[in-house]
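Single-letter residue listing:
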Amino acid sequence: MSRIHFDEDIQPLSEFRAGVASYIKQINETRRPLVIAQRSKGIAVVLDVAEYEAMQEKIELLEELRMAKAQLSSGAGVSNNDARGQVLPFACAGWQIPRSNK
């Protein structure tokens with residue numbers, strides 16, 4: 001998502017209502033969010049769907065990383081060899097990934 005341009009991407013609710021189609025076009029073309037303001041306060045953000053989905057994926061990935069870090073810190077992690085031993089029999093029926101001798 002591109003950075004917001006404060007001079008272009010913050011619009012009063014009344015102007016947004018009057019020109020919804022042009023603002024949606026702007027959002028789709030620039031990939032920047034549009035902040036809707038009412039009484040000089042931000043009340044909503046309008047995003048392109050693809051940008052919203054990408055943002056959600058990033059949030060999910062960051063949450064998974066946070067959980068993994070917490071699990072490792074608490075000693076709940078497993079070694080690479082143990083993980084491979086648990087996963088490979090199910091995922092690689094009939095073939096094996098060569099193991100390094102390190």
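Residues numbered from 1 in each chain as written. Predicted model: local features only at pLDDT ≥ 70, side-chain atom pairs only at ≥ 80, totals over all residues. Heavy atoms only, no water.

1. Description of the sheet that holds strand β1 (residues 10-12)
Strand pairing in a sheet takes place through backbone hydrogen bonds and is either antiparallel or parallel in direction.
Reasoning step 1: Pairing within the open sheet is mixed, and its three strands lie in the order β1-β2-β3. Among the strands making up the open sheet, the edge pair consists of β1 and β3 (41-46). The average angle at which neighbouring strand axes cross in this sheet is 35 degrees, direction not considered.
Reasoning step 2: Two strands pair when backbone bridges link them, and strand β2 (residues 34-38) and β3 are joined in this way by five bridges, in the antiparallel orientation. Paired with A37 across the two strands is G42, which belongs to β3. (Pairing = 2+ DSSP bridges. Helix = DSSP H or I, 4+ residues; strand = E, 2+ residues; numbered from the N terminus. Axes fitted to C-alpha atoms, helices over the stretch in contact; angles between N-to-C directions.)

2. Points about a nonpolar patch on the surface
Reasoning step 1: Taken together, L61, L62 and L65 make up a surface patch of nonpolar side chains, about 310 Å² in accessible area.
Reasoning step 2: Within the secondary structure, L61 sits in helix α3 (residues 49-73).
Reasoning step 3: The partly exposed category is assigned to L61, whose relative accessible area is 48%. (Patch = residues over 30% accessible without salt bridge, like charges linked within 9 Å, V, L, I, M, F, W, Y side chains within 5 Å. Areas by Shrake-Rupley, 256 points an atom, 1.4 Å probe, with all protein chains shown as cover. Salt bridge = Lys/Arg side-chain N within 4 Å of Asp/Glu carboxyl O. Buried < 20%, exposed > 50% of the residue type's maximum accessible area, 1.4 Å probe, protein only.)

3. Topic: the pattern of salt bridges
Reasoning step 1: Applying the stated criterion across every chain, the model contains five salt bridges.
Reasoning step 2: One salt bridge connects R32 with D9, and the closest N-O pair in it is separated by 2.6 Å. Placement of R32 in the loop between α2 (20-30) and β2 and of D9 in the segment before β1 is noted, with a sequence separation of 23 residues between them.
Reasoning step 3: The salt bridge partner of R31 is E51, with a shortest N-O separation of 3.9 Å. Of this pair, R31 sits in the loop between α2 and β2 while E51 is found in helix α3, placing the two residues 20 residues apart along the sequence.
Reasoning step 4: According to the relative accessible area criterion, R31 is partly exposed, its value standing at 34%.
Reasoning step 5: E51 sits in the buried class, given a relative accessible area of 15%.

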